[in-house]
Structures are given as structure tokens and as C-alpha cells.
Amino acid sequence: MAAADPAGHVSLRRVAIVLGLLEMFGPISMDLYMPALPRLATDLGTSQSLAQATMSACMLGLALGQLVVGPLSDRYGRRTPLLIGVGMFAVLSLVCAVTPSVELLLAARFFQGLSGSAGIVICLAVARDLAEGVELVRLLAMLTTVGALAPIVAPVVGGQLAAVIGWRGIFAVLAAIGAGLFVLAMTSLPESLPPSARHTSGGGTGQFRAVLRDRLFLSFLVVGAFGGVAFFTYLASISFVLQDSFGLSPQWFSVCFAANAVMSVVGAQINRVVVRRVGPARMYTVGTVITASAAVAMCVSVLFHAGLVVLLIALALQMLVGGGTQSNGSALALADHGERAGTAAALLGTSSFAVGPIVAPLVSLSGTSPLSMSLTMAVAYGCAAVLVCVAVVPRLRRRPVEPVVAAIEAEVEVVPPGAL
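Residues numbered from 1 in each chain as written. Predicted model: local features only at pLDDT ≥ 70, side-chain atom pairs only at ≥ 80, totals over all residues. Heavy atoms only, no water.

As a further point, take the overall build of the protein. Within the protein, the regular secondary structure consists of 18 helices and 0 strands. Burial analysis of the protein (420 residues in total) assigns 58% to the buried set. When contacts within the protein are restricted to residue pairs at least 6 apart in sequence, those whose partners lie at least 24 apart make up 86%. As displayed, the protein has an accessible area near 15900 Å², and 69% of this comes from carbon and sulfur atoms. (Helix = DSSP H or I, 4+ residues; strand = E, 2+ residues; numbered from the N terminus. Buried < 20%, exposed > 50% of the residue type's maximum accessible area, 1.4 Å probe, protein only. Contact = heavy atoms within 4.5 Å. Areas by Shrake-Rupley, 256 points an atom, 1.4 Å probe, with all protein chains shown as cover.)

The following block contains the structure:
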């Protein structure tokens, strides 16, 4: 059970802070060294596309690792797989710091992502262990807020570190962060899945099959894949777009990137307040459509050479709305899969992490530009919005009213009032 207050209730605020910090594996693996990508390409004598592929390798590791760690956490509990993953992340960060070639860096980054996946998938599973319905949405919004500190702080810090210690030094810093998070997990995060609730029989394949029978869940997976393509294209391209195409320094790039992360935090908090009145399904649908519209507007602004300010405004709107949309989608997708939260969370995470790292380097084969970034994001977010309207919404309306779903639709609190 998670940390409890004297009255015996789960201390969700404390858990949210710990989980949010542990969930930073993905953001800090990308954002801290993103300002140094152009320098990394120069130092290793490689192309922009291969430099971006070091991010893709990590993201692929993050995606595939979740498929292993998620079912393991359903079988053996959340704590042990998490500690192993965090410890390996720290060690592999040191390997990245001393690698002599881009080929070895690609391999090290893949395994770094593989180990770091534990933080992402287990944090989502722990949240599902502790809350349901609207309160799960609100807990996930808190995780987004805490976790968003990484993309706010990391690019700014990374821009300064890149000028002082270079990209190798940045990986050494990642190793230190991993070690600190290992200590935090060991001392502050109790087990949330009791032995009686674990799946002690049947393999991981059976668990995946049970979750994938849910057609609504499958729809959420595909929407997540499109969203992952758009977001990863943004992550992999934005440093080249702002620094090479618009002439920003690494420091100013970091400021712009951090500002977008702030918008994600603001969006998550707005969602946390409004979701009780509007409901996660409606917030999810409207949010997806608005995000797609903002992406199309950004693409149009690039085509008509509207300038940097308009591009940044369109990006900020996407981050603002997306900050709440993801929490709603995750809660709705997990609603009927509390008994297999680790497996379901692994599939959700993989859908977001697996496709984007493949698409982004392909888009940039002929060079990264504002048009290639904005067009890819517009197409991906547009496909996601269409799928939500034609597949997700109709299935949500036909979904059987089970306890968790009833809590969502009636906006009933399922954890102690005021816990969040």
C-alpha cells in the first residue's frame, strides 16, 4: 500500500510527487541533451538524421521495455522492477558519456531507454492501483505537473551545460540523476500492488491478449500512436528548427522549449479543475480536435512564412491542450483494466513511444525544416482527431456501465474527498 496519513488514507499528494519525479526518465533522457544535438553530430562526425536517431533509439527502448516491465509488475509487484530499471538507467547513462562513436551511442541509448521504461509504465500502473474514475484523471494531472518540471528545467539547464561540459558531461549528469531517483524510489515508494492482487499464473502473452480484446482500448492505442508521432517529431526537430532555421542560440532555444513545457503544466491544471464538471470523455474529444486544429494552423503559418512568433504560439496552444488530453485518455483507457494495470499501461506507453522514433528520422532524411516538422505534426494530430471522432466516441457511448465507468460518468470520487 502507498504512504498513508494518520487517518489511514493514502497520501496521494506525496505519491504523486514521487511518481512524477520517477516518470521523468523519458523527458530528461531527451530534453537535457537536446540543446547539444547539433554539437553531438559535429563531434561524432555524423549527420543530423543519425544525431536525431540517438533520441529515437532511446525512445524505442522506452517503448519495448514497457512491454516487458508492465506484465512483470502485474506478476511480481511494482517496486522490484522499478528499482532494477532505475539502477540500470544510471549505469547506462555513464556508458553513453564515454562512448567513442555514434554506433555505440545508438546501442547504449537503446538500452538506457529499455531500463528507463520502468519509471514510465510502473508510475502509471501505481496510479491506477490507487485511484479510479475522475480522481484517477486528477492524479494523472498531478503526475503531469510534477513530471513537466523536467521539460521546463532540463532544456534550460541543458543549454547551459552544453556550453560548459558538452554532451558527454550531460550524460554524466543523467547518471547522477538516475542514482538520486534510485534512492528516492527505495526510500519513499512502498509497494502498491498486494500479493493477493497479482497475476501469479499465465504468461505475459495471455495478459496482453486479455487487454487487447477490448476494441475501445485498441482505439486508444492507435490514437496514442498518432499522438506519439506528432510529439516525437516535435522533440526531435525543434532544436534544429529553432537553432538552424531561425538562428536561436542554445540558451534561447532552451527558454522557448521550457515555455512550451510550462503550457503543458497549465493545461494539466486546467484539466484537473474542469474535469469534474465536464467529464474526461468530453475533455478528451474536444482537446484532441483543438490540438489537431492548432497543428494545422502551424503548418499553414509555415507555408505562408508567418514567422517565428506565430509558429511558437501554435506550438504553445498544442502543448496547453495536450497537457490535459493525455491524462483523460489514459484514465478512460485504463478504466476497465484495473486488474491488469501494468500490462495495459505498457501497451499505452508503447503506442506513444514506438512509432514516433521511426517516423521522425525518416522525415528528416533530406534535412530538418519548419515545414517537415509542422506538416508531420499536422497529419499525425489530424489522424488522431478523426479516429477519436469515428471510433473512440461511439464506443465510449456503447461501453457497459461498470463500476469504474460509472464513477467517470457520474463524476463520483473514489478516493477520500480532498485527497487530491
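Quantified by volume, the second largest pocket comes out at close to 260 Å³. The wall of the second largest pocket is formed by 15 residues, among which Val69, Leu72, Pro81, Ile84 and Gly85 lie closest to the centre. With 6 residues, helix H5 (residues 79-98) is the single largest residue contributor to the lining of the second largest pocket. Here the residues of the lining of the second largest pocket are counted per class, giving 11 nonpolar, 4 polar and no charged. (1 Å grid on protein atoms, 1.4 Å probe; cavity = no way out; pocket = protein on both sides within 12 Å on 5 of 7 lines; lining within 4 Å. Points joined across faces, edges and corners; volume = space filled by probe spheres on them. Nonpolar A, V, L, I, M, F, W, Y, C, P; charged D, E, K, R; others polar.)

Let us now look at empty space enclosed by the protein. Unfilled space is identified by rolling a water-sized probe across the atoms. Going through the model one piece at a time under the given rule, you end up with 2 cavities of 30 Å³ or more. In this structure, the second largest cavity encloses a volume near 40 Å³. Every residue along the wall of the second largest cavity is listed here: Arg78, Arg79, Leu82, Ile122, Val126, Leu189, Pro190, Glu191 and Ser192. Contributing elements (two or more residues each) for the lining of the second largest cavity: H5 and helix H6 (102-130).

Turning our eyes to something else, we now look at the confidence of the model for the protein. For the protein, the average pLDDT comes to 79, and 84% of its residues sit at 70 or higher. When pLDDT is averaged over each helix and strand of the protein, the minimum, 41, is found for helix H18 (residues 403-410) and the maximum, 92, for helix H13 (residues 280-303). Counting contacts from residues 401-420, a segment whose pLDDT is below 50, to residues more than four positions away or on other chains yields 48 contacts. (pLDDT = per-residue confidence, 0-100.)

Moving on: H13. Every α-helix winds through 3.6 residues per turn, so residues three or four apart in the chain are directed the same way. For H13, with 24 residues, the first-to-last C-alpha span of 35 Å sits near the 34 Å given by 1.5 Å per residue. After H13 finishes, the residue His305 shows a positive phi value of roughly 55 degrees. (Expected span 1.5 Å × (residues − 1).)

On to the environment of Met88, then. Tracing the backbone shows Met88 in helix H5. For the pair Met88 and Ala175, spaced 87 residues apart in sequence, the C-alpha to C-alpha distance is 9.5 Å.

On to a nonpolar patch on the surface. A contiguous nonpolar surface patch, about 650 Å² in accessible area, is contributed by Val296, Val300, Leu303, Phe304, Leu371, Leu375 and Val379. Going through the elements one at a time, H13 and helix H17 (370-398) are the ones with two or more residues in the nonpolar patch. With respect to the helices and strands, the residue Leu375 is situated in helix H17. For Leu375, a relative accessible area of 44% puts it in the partly exposed group. (Patch = residues over 30% accessible without salt bridge, like charges linked within 9 Å, V, L, I, M, F, W, Y side chains within 5 Å. Salt bridge = Lys/Arg side-chain N within 4 Å of Asp/Glu carboxyl O.)

A few words now on the side chain of Thr233. Take Thr233: it is sitting in helix H11 (residues 215-245). Taking relative accessible area as the criterion, Thr233 reaches 1% and is therefore assigned buried. If sequence neighbours within four positions are ignored, Thr233 has contacts with Ile238, Ala360, Met373, Thr376 and Met377.

With that out of the way, let us pick up H6. Given a rise of 1.5 Å per residue, 29 residues ought to cover 42 Å, and the 42 Å separating the end C-alpha atoms of H6 matches this to within 8%. Along its length, H6 shows its largest kink, about 35 degrees, at Gly116. For H6, the tally of buried residues reaches 21 of 29 residues, placing the bulk of the element in the interior. (Bend = angle between axes of the 7 residues up to and from the residue.)

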